[in-house]
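The residues making up each chain are set out below.
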Amino acid sequence: MLKNMTIRNKITLWFSLSLILLVLVTYFIVSYVSKNVMIKNLQDNLVETVLHNMRGLEFIDSEDNLQIGQTSLAYNDGFIVIDEDFLDIVNGVYTALYNQDNKMIYGEDPIAKQSFVVDFTNDQIKELSIDGTKHYIYDIDVSETGYEGLWMRGIVPETSGLVYAGDIRSTAMIVLPLMAILSIIGGYIIVNRSLKPIKDVTNAASSIEASGDLRQRVDVGNGKDEAHELAYTFNSMLNRLEDSFERQKQFTSDASHELRTPTSVILAQSDFYLEEERSTEEYVKALTVINRQGQKMKELINSMLDISRLEIKPENYVKEKLNLSNTVGEAVQGLDKIDHDGITLDVSIGNSIYIEGNKELISRLVINLLTNAYKYGKTNGNIWLNLTHSQGRAILSVKDDGIGIANSDKNKIFRRFYQADSSRRNTGTGLGLSMVKEIADYHNAIIKVESKLGEGSEFIVSFKLI
Ligand code: ADP
């Protein structure tokens, strides 16, 4: 049954049961302690009253020694003078004097009235139940020479103390459950409020599941507890999901768009030249166009595949201790085939610079940056490739004195398919720099562009050294 309960109900149930148990235990402890304290008080009071009254007794031989107004009792040959502050009944304690025949000669005694006979024992508290009411009895032997057999007895019924204990008990009986009820209500409200973000997350998740709409968010408010933390995390997870979903959608749409142009050109060319018999030169011309567009498609598809591979399965690109100096050097060597356009490449590579990286990806990064430097460089211009290290970082710079990049384009060039100069659209895919960025991110590297339109550009990538 517990399994099917909501957390809120479980906590509330546990909390309520514990509180009820606590109230019961507290109630019994209060009852027990208050009764014991009461009995102790009652007995102390009994002894105290009897001793007080005993101190108030005086023994005289002759009535002549009596002062006016004094109460006296004849006993054997003498007299007992009773002090005026002798307390017959005080705080429920009865006090009485008994003679040698066990007969009450002064005071009040509820037991004697009911003709119960209790033997006298000096300085001891005895218990006696009369009609179901417990009584405490305390005797003191006050005999003196000539006054033998004289006893003073104090009696107190338990009921006179029970009134106070009863008061404490009935107060506890009202206050404790009241406090428990208030705590349970307060606890329920707090639990309910605290768990609200979890409920909201569940609602949002099921609504997203039903509608597929990733734009929904949980209204978190400004709480800081664990449940709010969950809601914040859920929201930021949705942000990332939505972002990557959007990027994916955008990528697919851009890719289709990019592939449509060469496909249309190929189809148009082939349709046109298939309409009627053509000369060999015309076929060659058409095939050249078709071949160029095919090349472009191949480039696009390869780049897209590379990007997706890195995105979908980065674990395929294992990072290890990599000699960056060698890797960059080899990548530069591999660029021989490029149409150099009279551009001079100046390479300066510091020795033995090590980073943690993937050789294949780092080569790709260097090749992409260099290819761009050639592509967007000026005829007979210069490219400077420089690899150094400074302050714990390896710094790779690829600089050219080519066409440069407008300020407004600097942030956009890393976007997929973005090409700053639309007149050069035939020369690339718009995916080279986005691959560079993905690779840099994968290596936790920082990438920066410094460029001035018409003067040239510098791409700087810095890696952490190992
Ligand atoms: P593309 O295939 O068009 O070269 P990239 O992603 O490599 O695609 O580059 C995106 C755009 O950034 C290029 O189209 C170009 O406009 C600009 N760009 C990249 N590198 C340079 C550079 N070295 N100099 C000037 N512009 C550059």
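Whatever comes next refers back to the structure up there.
Everything quoted here is computed from the prediction, not taken from an experiment. (Residues numbered from 1 in each chain as written. Predicted model: local features only at pLDDT ≥ 70, side-chain atom pairs only at ≥ 80, totals over all residues. Heavy atoms only, no water.)

Draft legend 1. Highlighting the overall build of the chain. A tally of helices and strands in the chain yields eight helices and 16 strands. The C-alpha atoms of the chain give a radius of gyration of 53 Å, which is well past the 23 Å a tight globule of 466 residues would have. With respect to the principal axes defined by its C-alpha atoms, the chain has extents near 165 × 55 × 35 Å. Buried positions account for 37% of the 466 residues belonging to the chain. Across the chain, contacts joining residues at least 24 apart in sequence account for 64% of those joining residues at least 6 apart. Looking at the chain, you have 48 positive and 63 negative side-chain charges, and the mean spots of the two groups are 18 Å apart. (Helix = DSSP H or I, 4+ residues; strand = E, 2+ residues; numbered from the N terminus. Rg over C-alpha atoms; globule rule 2.2 N^0.38 Å. Buried < 20%, exposed > 50% of the residue type's maximum accessible area, 1.4 Å probe, protein only. Contact = heavy atoms within 4.5 Å. Lys, Arg positive; Asp, Glu negative; His and termini not counted. Charge placed at Lys NZ, Arg CZ, Asp CG, Glu CD.)

Draft legend 2. How the structure looks around the sheet that holds strand 1 (residues 57-60). Here we have three strands laid out as an open sheet, ordered 1-3-2, and antiparallel in their pairing. Looking at which strands have only one partner, the edges of the open sheet turn out to be strand 1 and strand 2 (71-75). For this sheet, the mean angle separating the axes of adjacent strands, direction not counted, is 25 degrees. As defined by bridge partners, strand 2 adjoins strand 3 (residues 78-82) across five bridges and the pair is classed as antiparallel. Bridge pairing in strand 3 places Leu73 opposite Ile80. (Pairing = 2+ DSSP bridges. Axes fitted to C-alpha atoms, helices over the stretch in contact; angles between N-to-C directions.)

Draft legend 3. Structural view of the packing of aromatic side chains. Inspection of every chain in the model, using the stated rule, returns eight aromatic pairs. Here a set of aromatic residues connected by ring pairs shows up, and it is made of Phe59, Tyr75 and Tyr147. Above the ring of Phe272, the side-chain terminus of Arg278 is found at 4.3 Å from the ring centroid. (Phe/Tyr/Trp six-rings, centres within 6.5 Å; stacked < 30°, edge-to-face > 60°. Lys NZ or Arg CZ within 6 Å of the ring centre and 35° of its normal.)

Draft legend 4. Examining the nonpolar core more closely. Formed by 47 residues in total, the largest nonpolar core has its most connected members in Leu324 and Val366. Core analysis: the next-biggest nonpolar cluster, separate from the first, contains 22 residues, Val50, Leu73, Ile140 and Met152 among them. (Core = buried A, V, L, I, M, F, W, Y, C linked by side-chain atoms within 4.5 Å.)

Draft legend 5. Summary view of the site of the ligand. By nearness alone, 20 residues border the ligand, and Asn372, Tyr376, Gln419, Thr429 and Leu433 come closest of all. In this structure, an oxygen atom belonging to the ligand sits 2.8 Å away from a side-chain N or O atom of Lys375. Between the ligand and Thr429 there is a distance of 2.8 Å, counted from an oxygen atom to a backbone nitrogen or oxygen. At the level of elements, helix 7 (359-375), helix 8 (432-442) and strand 16 (456-464) are the ones that each hand at least two residues to the shell around the ligand. Of the residues that constitute the shell around the ligand, the class distribution is nine nonpolar, eight polar and three charged. (Near = heavy atom within 4 Å. Polar contact = N/O pair within 3.5 Å; in protein donor to acceptor, adjacent residues only side chain to side chain. Nonpolar A, V, L, I, M, F, W, Y, C, P; charged D, E, K, R; others polar.)

Draft legend 6. A look at a nonpolar patch on the surface. Residues Leu2, Leu13, Leu17, Ile20, Leu24 and Phe28 make up a contiguous nonpolar surface patch of roughly 570 Å² in combined accessible area. By the secondary structure assignment, Leu17 is in helix 1 (residues 7-55). (Patch = residues over 30% accessible without salt bridge, like charges linked within 9 Å, V, L, I, M, F, W, Y side chains within 5 Å. Areas by Shrake-Rupley, 256 points an atom, 1.4 Å probe, with all protein chains shown as cover. Salt bridge = Lys/Arg side-chain N within 4 Å of Asp/Glu carboxyl O.)

Draft legend 7. Seen up close, the sheet that holds strand 13 (residues 382-390). Taking strand neighbours across the sheet as the criterion, the five strands line up as 11-13-14-16-15 in an open arrangement whose pairing is mixed. Pairing within the sheet leaves two strands with one partner each, and these edge strands are strand 11 (344-349) and strand 15 (446-452). Averaged over all adjacent pairs, the angle separating strand axes in this sheet is 10 degrees, with direction ignored. In this structure, strand 15 lies alongside strand 16, joined through seven bridges in antiparallel fashion.

Draft legend 8. How the structure looks around the packing of helix 7 against helix 8. Helix 8 packs onto helix 7 with a crossing angle of 145 degrees between their chain directions and a minimal axis gap of 9 Å. For the crossing formed where helix 7 meets helix 8, the hand is left-handed. Contact residues: helix 7 offers Leu361, Ile362, Arg364, Leu365, Asn368, Leu369 and Asn372, while helix 8 offers Gly432, Leu433, Met435, Val436, Ile439, Ala440 and Tyr442. Partitioned by chemical class, the residues of the contact of helix 7 with helix 8 number ten nonpolar, three polar and one charged. (Left-handed = near helix turned anticlockwise from the far one by under 90°.)

Draft legend 9. Spotlight on unusual backbone geometry. Here the phi dihedral of Asn76 falls at roughly 45 degrees; this positive angle occurs in a residue that is not glycine. Along the chain, Asn76 turns up in the loop between strand 2 and strand 3. Overall, Asn76 belongs to the partly exposed group, its relative accessible area being 45%. The phi dihedral of Asp123 is positive, around 50 degrees, even though this residue is not glycine. By secondary structure assignment, the location of Asp123 is in the loop between helix 2 (110-113) and strand 7 (125-130). Residue classification places Asp123 among the partly exposed positions, given a relative accessible area of 47%.

By themselves, these observations are geometric and do not establish any function.
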